[in-house]
Amino acid sequence: MSKKKLGLNTICAHVGEIKDEQFKGAVSPIYLASSYEFLDVDVKRYPRYFNTPNQEYLAKKVAALEHTETAMIFGSGMAAISHMFLAFLKAGDHIVVQNTLYGGTSNFIQEEFPKLNIDFTFTDGYDVKDFENAIKPNTKLIHIETPSNPLLTITNIEAVAKLARSKNIVTSIDNTFASPINQNPADFGIDLIMHSATKYFGGHSDICAGAVAGSKEHMEKIWNVSKNLGGSLSDLTVWMLERSMKTMGLRVKKQTKNARKMAKWLEAQKFIKKVYYPGLKSHPQYELAKKQMKGFGAMLSFELVDGLDSVKFQKALKLIKASMSLAGLESTVLNPAKTSHALLSQEKRDIIGISDGLIRFSVGIEAPSDLKADIEQAVNQL
Ligand code: PLP
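My aim in this report is to walk through the structure given alongside it, one point at a time. From a predicted model like this one, the values you see are computed outputs, not experimental measurements. Numbering of residues begins from 1 in every chain and follows the order in which that chain's sequence is written. Whole-chain, interface and lining totals are the exception, using all residues; otherwise, since this is a predicted model, local features are given only for residues with pLDDT of at least 70 and side-chain atom pairs are given and counted only at 80 or more. Values reported for side chains reflect all heavy atoms of the structure, with hydrogen atoms and water molecules removed beforehand.

### Things to note about the site of the ligand
Here's step 1: In the vicinity of the ligand there are 13 residues, among which Met78, Asp174, Ser196, Thr198 and Lys199 approach most closely.
Here's step 2: The term polar contact refers here to a pair of N or O atoms within 3.5 Å; inside protein, the definition further demands a hydrogen-donor-capable atom paired with an acceptor-capable atom, and it admits residues adjacent in sequence only when both atoms are side-chain atoms. Contacts to the ligand include glycine 77, whose backbone N or O atom sits 2.9 Å from an oxygen atom.
Here's step 3: Serine 196 has a polar side-chain atom sitting 2.8 Å from an oxygen atom of the ligand.
Here's step 4: For the ligand, whose accessible area on its own is 390 Å², the fraction buried by protein is 89%.
Here's step 5: Polarity classes work like this: nonpolar for Ala, Val, Leu, Ile, Met, Phe, Trp, Tyr, Cys and Pro, charged for Asp, Glu, Lys and Arg, and polar for all others, with Gly in that last group. Residues belonging to the shell around the ligand are distributed by class as follows: 4 nonpolar, 6 polar and 3 charged. The cutoff for a nearby residue is simple: one of its non-hydrogen atoms must lie within 4 Å of the molecule or strand. Each accessible area is a Shrake-Rupley result for a 1.4 Å probe, and residues are judged covered by the shown protein chains and nothing else.

### Looking at helix α4 (residues 103–116)
Here's step 1: Runs of H or I in DSSP of at least four residues are treated as helices and runs of E of at least two as strands, each being numbered from the N terminus. To estimate how far a helix should reach, multiply one less than its number of residues by 1.5 Å. In this model α4 runs 20 Å from its N-terminal to its C-terminal C-alpha over 14 residues, within 8% of the 20 Å that 1.5 Å per residue would give.
Here's step 2: Categorising residues by exposure relies on relative accessible area from a 1.4 Å probe, with only protein chains included: less than 20% of the type maximum marks a residue as buried, more than 50% marks it as exposed, and the intermediate range marks it as partly exposed. Of the residues making up α4, those classed as buried are Gly103, Gly104, Thr105, Ser106, Asn107, Phe108, Ile109 and Phe113.
Here's step 3: Any two residues whose heavy atoms approach within 4.5 Å are treated as being in contact. The secondary structure elements touched by the buried residues of α4 are α3 (77–88), β2 (94–97), β3 (119–122) and β4 (139–145).
Here's step 4: Looking at the residues trailing α4, positive phi occurs at asparagine 117, about 60 degrees.

### Observations regarding the sheet that holds strand β9 (residues 299–304)
Here's step 1: Note on pairing: DSSP must find at least two bridges between two strands before they are called paired. Across the sheet, which stays open at both edges, the 5 strands sit in the order β8-β9-β12-β11-β10 with mixed pairing between neighbours. Where the open sheet ends on each side, the last strands, each with one partner, are β8 (272–276) and β10 (321–322).
Here's step 2: Here 2 bridges tie β10 to strand β11 (residues 332–334), and the two strands are oriented parallel to one another. By the bridge assignment for β11, lysine 321 is matched with threonine 332.
Here's step 3: Strands in contact with helix α10 (residues 248–267) are β8, β9 and β12 (358–362); relative to β9, the strand with the most contacts, it is inclined by about 15 degrees. Axis definition: a line fitted to C-alpha atoms, limited for helices to the stretch in contact. Angles are taken between N-to-C directions and run from 0 to 180 degrees.

### Brief notes about the sheet that holds β2
Here's step 1: One open sheet holds the 7 strands; their spatial order is β1-β7-β6-β5-β4-β2-β3, and the pairing between them is mixed. Only two strands of the sheet have a single partner each, and these edge strands are β1 (70–74) and β3. Averaged over neighbouring strand pairs, the angle between their axes works out to 20 degrees when direction is ignored.
Here's step 2: Relative to β3, β2 is paired through 4 bridges, and the arrangement is parallel. Bridge assignment links histidine 94 to a residue of β3, and that residue is aspartate 119.
Here's step 3: Contacts between α3 and the sheet are confined to β1, β2, β4, β5 (170–174), β6 (192–196) and β7 (210–214), with β6 contributing the most and set at about 155 degrees to the helix.

### Observations concerning the pattern of salt bridges
Here's step 1: Put simply, a salt bridge is a Lys or Arg side-chain nitrogen that is within 4 Å of an Asp or Glu carboxyl oxygen. Within this structure, the stated rule accounts for 11 salt bridges.
Here's step 2: Salt-bridge contacts for lysine 24 lead to glutamate 21; the nearest nitrogen and oxygen are separated by 3.7 Å. Of the two residues, lysine 24 and glutamate 21, both sit in the exposed class.
Here's step 3: The shortest N-O distance in the salt bridge between glutamate 158 and lysine 291 comes to 3.6 Å. Highlighted residues: glutamate 158 in helix α6 (residues 157–166) and lysine 291 in helix α11 (residues 286–292), separated in sequence by 133 residues.
Here's step 4: Through salt bridges with shared partners, a single network forms among Lys90, Asp93 and Lys140.

So this is what it looks like as structure tokens:
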């Protein structure tokens, strides 16, 4: 049976299951061994080699969802990003990085790459021209994030992939915000697709994990570096992640539907200054998002009108939690300027458009009527 032809929920539920031949249990057994038979150098299983049975099999589900040959599971999204970057960059190399992206990624680059003598350029914008302008003769990797955290900007995946291929540059994407349910960058020519699996893969705000998917050739490069760096995930958590991923299609589709409703509703409210959501016709890249995404995702951001305090607003919410992470099945909000992007300078935040009052909204599975009522009662308290 071809995995590509399986339905999305069938992939989520079944691909990468470990059959319990011994007891015929309905779910994958957990293999907790940290030591496996070692008789021949070619056959070595070890947790830090990313190839215990649970790691190896869950990677098959990720690869099937991302339409790639293979994948690897990591201990966090940052482990996935850092191991991936370090597999393709060495001293003297250069990376082009999209300017609007997760704060932790920009931080990693700015703090660690100078120590390693790896050169980097943050693009001026997220248009393909901005990427082209940033390329140097020693550019080895282009990294994009779309939709981006937290402003939901949309980068033309196919155009960037094409530009990079024409110059023999490897491409990577942070696909966390869309999830494979809403976007498959490999179909548009991107080489490496990474996720903070802490987000939609886990989906219940109780797992920290990461994943990278790509071709066997590229993933072998990542494996060679990763086994030295050691950022693998414990098998207990791999098993929990498999369990969570079985419902990823159901969760993300419902959350995406809710987000679209909430974005439209918010846009019509007097207390709202601006809503950032790629599924709104007012979004500058709505047509592009429609072309490259299967759904517009469940993340949005908004600004309250001047005079309404965003911190007081968050505190006044009763159902929607103010929360650091995102993509759980419960709705959460966060103020990026005070939290996830607080390490960026005010100047950098101003350049990329993260205002002090911006609120990032991760829409969950609740009834939209309850979410609207919660927001209304919070605004009425201000
Ligand atoms: N990428 C994005 C878009 C994120 O939002 C995050 C975390 O918030 C990460 C990567 C890092 O993932 P982790 O926290 O699992 O290391």
